[in-house]
Amino acid sequence: MPPPKPSESLAVIANAVQWYVQYSLVHFLPEMILGGGFLAVILLNALARSDSGQRTTVYLSILVLALAGCASAFQWHALDPLHPKDWKPGTMIFPYTQTLFAPDVQHGEAVSGFGMAVVDNFAVFFKLLVSLCGILVLAMSLSSRELLARSRRFGDYSSLLLGMTVGLFLMPASTDLIMMYLSLELVSIAGYVLTGFSRDTTHGPEASLKYLLFGALSSGLMIYGFSLIYGLTGATQIIAIRQVLALSPAAHAGANLLILWLATVLVLAGMCYKISAVPFHFWTPDVYEGAPLPVAAFLSVASKAAGMGLIIRFLVFTFPIGGELNLPLINWPIVIAALSVITMTVGNLAALLQSNLRRLLAYSSIAHAGYMLAGLAVNGPAGIVAIMVYLATYLFMQLGAFYCIMLIENKIHSEEIDDYRGLGGRSPLVASALVIFLVSLTGIPLTAGFIGKFYLFTALLTPNPVTHNMPFLWLAVAAILNAIVSLYYYLRIVGAMFLKRPLREAALESLRVAGAGAGRVAGAVPGTGAGGEDATGHATIRFALSQRVLLFAFVIPVIALGVYFQPLIDFASGVMRFFNFENIKY
Amino acid sequence: MTITQFPFLGAITFLPMAGMIALAFVPKERVHALRTVALAITLAQVALAILIWINFDPALAGVNDVRSFQFVERLPWIRLGGLGIFGNVAIDYFMGIDGLSVGLVLLTAIITVIAALASFSIDRNVKGYFLMFLLLDTGMMGTFCALDFFLFYIFWEVMLLPMYFLIGIWGGARREYAAMKFFIYTLLGSVVMLLVMIGLYFSTQVMLLDPVTHQVVLNPLSHKPELYHSFDMLQMMNPAAYLNGSMFAGIGTTWRYVGFLGLLFAFAIKIPMVPFHTWLPDAHVEAPTAISVLLAGVLLKMGGYGIIRVCLGIFPDIAIALSWYLAMFGFINIVYGAFCAMAQSDFKKLIAYSSISHMGYVLLGIAALNSQGLLGASLQMFNHGIVTAMLFVLVGVLYDRTQTRGILEFGGLANQMPRYFALTVIAFFAALGLPALNMFVSEAFVYIGSFQTWQMWTILSTLGIILTASYLLWTLQRMFFGTLPEKWIGLTDVTPRELASLVPLAVIIIVLGVYPGPLIDLMSASVNQLVAVVHAHVPVSTVIGSAAVAK
């Protein structure tokens, strides 16, 4: 066969490029927007070194995130309940096959090969969540004392955050072990830098180093697990892996099964690090303490959400249990259930002992990871919808709580619970908002947190349609007992703000009673030497209008979702009807 | 009968919330305006309650049949239909009252006014106080009106946070401990209720009427009637609505015992039933007067109401099976509460323990599972609400003047404060069940009812009458007779504002003692129906959605 003429090869290449653009790059638009925005922010960062210029980079990043979110929203595949046949399972992008130059297209969809990532409603949900979280966090950052201390570096900050978002967008969309690893590392590396961003504090470098060391260890474990899986199956694409496993179940018994178990556990180690599940949670309190508060907030919400998406995708796609594609090689639900109970219990019990709010929120976020894992243990659409609803509500309440703590920290320079005494009188608005967020984190009705918990318990108690058994009743009971424990430490904060008198006032009172020499002890009374607006100890704390407005951006969704949650449930169920367990076919 | 289209229940429930919005616009320095607005809201609530009372048809029974519920409001709230993940879901805004709840709605309206009047002595952060007060009010009223379990649960839980703040901010020395204990204890009960509620929700299925066309909703694909899971309490009482083989289906199964006990646990904490009562004395002693009034006058009744409405209605088989134990706990409450009361030297704590004792009659009456017993329990809830509210106001009157509640620090008050003495005598004699005062009627009904079923516990419980009489008379003797300590010589008698809250209660006590007919009439049809439902467990239609069309 004679070699093709140059013009013919050019046509083939042009054809391939066109094919790639048409069937892959189009679906990669949100990530490309983020990438382009990332470059634009770096450029602006280099050009505009003034304070206002640096603020502009934050605004630009917010715009980029909003655009990326809109682009993701257009990828949403609306489902007509009347025509379930028309539901598409999702679009694979970046297929790597022998057919690169001979694209196989049927009905306008690339069908051949296994892609690196997939665009489906599940991924879109997480992209929307992450971009919303990014926007809110960037808005928070503008008034963060820790970041303002280095306001000349806002450009660096926002470009890093955008870079991290690219990874977060890809994590729940990845369908290939390589892509999973790359996206997770992209998030981690940006995270290491962001964690140590506030150079001035003593905790920053420590946090960054701890995050890096734990991250390196767990991603090492994960990549080792990936390599074992690749060794067993010869594939890195999770659907290909599933097919290999399904075709030759006999080849994966005995020692091979043991290796497969080992590999799964190793992979889970890496992923659990991202969502800070026990026993890979040790970095969490230190990082939350050392990182600037907006960064901690971003890690606790966006990073956790994307990590949950990644775990769900990996386990449910690779080792489906039940349904048409039943592949009960690895009984992961029981592993996840055990992880869930341990995580929520350890998180809540440790949170009981904390006196620093950052560490307390860190442990409470560990506990929340435990609740979410409980939804995954259910191994069914109901559980995964519950996780998604939980994440959506968690976004507002957790970010809101962080925002309140940041606002208060800006003024009183402390996150100790004891220093929160009397805040209810000094700053009723922020203190009341914080109460709403904490109550929501506990899961009391009329707040979004209740809806998250309610759907979680509903999922856990969903009976088997045939036997009417409830296999996860015990998990629901464990979760409920944990919720009661969590009430105690959340209430401690509420109690400090509203029920207790300021420490200084109480101390002065006891001084008066004791009749001791006031001069000697005054220096020992906390808050006396803090200076600034705190010098008086009881002065009203005022916040700028923009800060109060942003506060309502958190409060309103928390209340609104608590009262009328139908749209959220419809939205999340739309994802799962589509990510139908009977129908994962590509 | 006139069926008024006006949404009375929605109005009476959410009026306090509207009041919260109004209060938010009053500057916090204008204390008097804040108090006036709050009082006006509660008075408007009483006006609505009276309208409800006038328009209420006592012949309609309610209980498990939506057609005979009154003032029904039903709006779809959450509807997840068409191939949903959780099955089809229907959560409704579903309110309605029958004879079991109408008395408690009236009681709540009355007690709230009394509490609002008693709140006038609050002078710290008045705005925050009344905001929380009104939120609590919405929660209380809603709990008695809700017929959708989800809605019931939300109202039930909405009360927790305001109560926590009301005890925790405006309470006494150990307020923080008491508030935390109250919150955690109650939440523990209600999360167990949540689990049972979800279990019931998965166990029942109903067909739904379209709110517009009044046709049964069909599945868009198969065109068959679509089955929905629903939180409709009335359907949970309906044996026909249970799915075959589901968790709570059948009669007397183990799961039904678990469900009954779970719900009972939640309600027993609220009543409070004796092993779960320890939060109550703490909460009462630390709470400000007005909040004690609400706590004892209304919140405790939710426990009794919950057992009657939910436990008996949904799990009648188990209620019958376990009623012996329920009667035993009733006896324990009556006698243990009375003994504890006798041992107190703190006036307020004494009243708190007497509440435990008196709520024991509610348990005993419920355990009888016959018309007299249940009527007695329902009457007892109303009467105890009135009497205990009066007692707590009286404690508050004395505490405001003296800053002490020690019984032993007083003596000879009868001459110093004659009007106070007279009112106290009325309340005390009502509490010890003197004939011609209201509590006699309800306790008599309880004893008549329970004697037919559980003779031993009834006979043993009569010990409670003697104990109650002795601790109350002893208290009366120690505080009002003998010589007045010198430090109390300047004590002033009851003021007009205090009279305004005490006299109406005294009037109710006497009127209902002499002529309890109107109150009994309100309740008897429903109570009879409830007894029939408990003993027969009658299935009705499983189509829900509209009161007018449902058959």
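**Q** Which residues make up the overall build of chain A, and what are the values?
**A** Counting its secondary structure elements, chain A contains 23 helices and four strands. The buried share of chain A, reckoned over its 586 residues, is 55%. For chain A, long-range pairs separated by at least 24 residues make up 78% of all intrachain contacts whose partners lie at least 6 apart in sequence.

**Q** Help me get a handle on the overall build of chain B, residues and values and all.
**A** Of the regular secondary structure elements, chain B holds 21 helices and five strands. Principal-axis analysis of the C-alpha atoms places the extent of chain B at approximately 85 × 60 × 45 Å. The proportion of buried residues among the 551 residues of chain B is 61%. Taking as baseline every contact in chain B between residues at least 6 positions apart, the subset at least 24 positions apart corresponds to 81%.

**Q** Any details on unusual backbone geometry? Residues and values, ideally.
**A** Negative phi characterises most residues that are not glycine, and trans characterises most peptide bonds. Cis geometry marks the peptide bond from A:V278 to A:P279; its omega dihedral reads 5 degrees. Cis rather than trans, the peptide bond between B:I271 and B:P272 has omega equal to -10 degrees. For B:P272, the location among the structural elements is in the loop between helix 9 (254-270) and helix 10 (279-286). Even without being a glycine, B:N125 presents a positive backbone phi close to 45 degrees. Along the chain, the position of B:N125 falls in the loop between helix 3 (99-118) and helix 4 (126-145).

**Q** Lay out the confidence of the model for chain B with the relevant residues and their values.
**A** Residues and elements named next belong to chain B. Summarising the model, chain B shows a mean pLDDT of 89, and 95% of its residues fall at 70 or more. Here residues 547-551 scores under 50 on pLDDT; set against residues more than four positions off or in separate chains, the count is 13 contacts. Under the prediction, the complex receives an ipTM of 0.91, its pTM being 0.91.

**Q** Run through helix 11 (residues 283-290) of chain A, naming residues and quoting values.
**A** Residues and elements named next belong to chain A. Among the eight residues that make up helix 11, eight are buried, leaving the element largely enclosed by the rest of the structure. Of the residues making up helix 11, those classed as buried are W283, T284, P285, D286, V287, Y288, E289 and G290. Buried-residue contacts for helix 11 involve helix 7 (177-195), helix 8 (203-233), helix 12 (293-318) and helix 14 (357-377).

**Q** Which residues make up helix 14 (residues 371-402) of chain B, and what are the values?
**A** Residue and element names in this part refer to chain B. In this model helix 14 runs 46 Å from its N-terminal to its C-terminal C-alpha over 32 residues, within 8% of the 46 Å that 1.5 Å per residue would give. The element helix 14 is extensively covered by neighbouring structure, given that 27 of its 32 residues are classed as buried. Two residues or fewer past helix 14, Q403 is found with a positive phi of approximately 60 degrees.

**Q** So what's going on with the pairing of strand 4 (residues 227-230) of chain B? Which residues, and what values?
**A** Strand residues, when the strand is regular, have side chains that alternate between the two faces of the sheet. Residues and elements named next belong to chain B. Across two bridges, the pairing between strand 2 (residues 89-97) and strand 4 is parallel. Within strand 4, the position partnered with A90 by the bridge is S230. Relative to strand 4, strand 3 (residues 206-208) runs antiparallel, the two sharing two bridges. Bridge assignment links V206 to a residue of strand 4, and that residue is Y228.

**Q** Account for the environment of B:K127, naming residues and giving values.
**A** All names here are of chain B. Tracing the backbone through its elements, the reader meets K127 in helix 4. Using a count of 19 C-beta atoms within 10 Å as the deciding quantity, one classes K127 as partly exposed. With 94 residues separating them in the primary sequence, K127 and A33 have C-alpha atoms 9.8 Å apart. Each residue touching K127, except ones within four places of it in the same chain, is listed here: L23, K28 and L34.

**Q** Outline the confidence of the model for chain A, supporting the account with residue identities and numerical values.
**A** All names here are of chain A. The predicted model of chain A averages 84 in pLDDT, with 85% of residues at 70 or higher. Considering only residues more than four positions removed or in separate chains, one finds that residues 98-103, a stretch of pLDDT under 50, has eight contacts. Across residues 107-112, confidence stays below pLDDT 50; counting only partners more than four residues off in sequence or on other chains, it has 13 contacts.

**Q** Any details on the interface of chain A and chain B? Residues and values, ideally.
**A** Contacts between chain A and chain B engage 34 residues on the former and 36 residues on the latter. Residue composition of the side of chain A that touches chain B, grouped by class: 26 nonpolar, six polar and two charged.

**Q** Tell me about the environment of B:V531, and please be specific about residues and values.
**A** Residues and elements named next belong to chain B. If you trace the backbone, V531 turns up in helix 21 (residues 517-536). Judged by local crowding, V531 falls into the buried class, with 22 C-beta atoms found within 10 Å. Between the C-alpha atom of V531 and that of T404, which follows or precedes it by 127 residues, the distance is 47 Å.

**Q** With reference to specific residues and values, describe the pairing of strand 2 of chain B.
**A** Residues and elements named next belong to chain B. Counting buried residues in strand 2 gives eight out of nine residues, a clear majority hidden from the surface. Where strand 1 (residues 70-80) and strand 2 come together, eight bridges link them in antiparallel fashion. Of the residues in strand 2, the one forming a bridge with Q70 is I97.

**Q** So what's going on with the packing of helix 14 of chain A against helix 15 (residues 381-412) of chain A? Residues and values would help.
**A** All names here are of chain A. The N-to-C vectors of helix 14 and helix 15 enclose an angle of 170 degrees; their axes lie 9 Å apart at closest approach. Comparing the axis directions of helix 14 and helix 15 gives the class roughly antiparallel. Packed against helix 14, whose contacting residues are L357, L361, S365, H368, Y371, M372, G375, L376 and A377, the element helix 15 presents G383, I384, A386, I387, Y390, L391, Y394, Q398, A401, F402 and I405 at the interface. Tallied by class, the residues present in the contact of helix 14 with helix 15 amount to 15 nonpolar, five polar and no charged.

**Q** How would you summarise the environment of A:T284 if you had to cite specific residues and measurements?
**A** All names here are of chain A. Mapped onto the fold, T284 is located in helix 11. T284 sits in the buried class, given 29 other C-beta atoms within 10 Å. In this structure, T284 is in contact with S276, A362, S365 and I366, ignoring residues within four places of it in sequence.

**Q** Kindly report on the packing of helix 8 of chain A against helix 11 of chain A, identifying the contributing residues and their values.
**A** In a pair of packed helices, the angle between the axes and the distance between the axes together describe the arrangement. Residue and element names in this part refer to chain A. With their axes 8 Å apart at the nearest point, helix 8 and helix 11 run at an angle of 145 degrees to one another. Like other packed secondary-structure pairs, helix 8 and helix 11 cross with a definite hand, here left-handed. Residue-level contacts link H203, G204, E206, A207, S208, K210, Y211 and F214 of helix 8 to W283, D286, V287, E289 and G290 of helix 11. Taken together, the residues of the contact of helix 8 with helix 11 break down into five nonpolar, four polar and four charged.

Criteria and cut-off values
- Residues numbered from 1 in each chain as written.
- Chains lettered and ligands numbered in written order.
- Predicted model: local features only at pLDDT ≥ 70, side-chain atom pairs only at ≥ 80, totals over all residues.
- Helix = DSSP H or I, 4+ residues; strand = E, 2+ residues; numbered from the N terminus.
- Buried ≥ 20, exposed ≤ 12 C-beta atoms within 10 Å, placed from the backbone.
- Contact = placed C-beta atoms within 7 Å.
- pLDDT = per-residue confidence, 0-100.
- Expected span 1.5 Å × (residues − 1).
- Pairing = 2+ DSSP bridges.
- Nonpolar A, V, L, I, M, F, W, Y, C, P; charged D, E, K, R; others polar.
- Axes fitted to C-alpha atoms, helices over the stretch in contact; angles between N-to-C directions.
- Parallel < 35°, antiparallel > 145°, perpendicular 65-115°, else oblique.
- Left-handed = near helix turned anticlockwise from the far one by under 90°.

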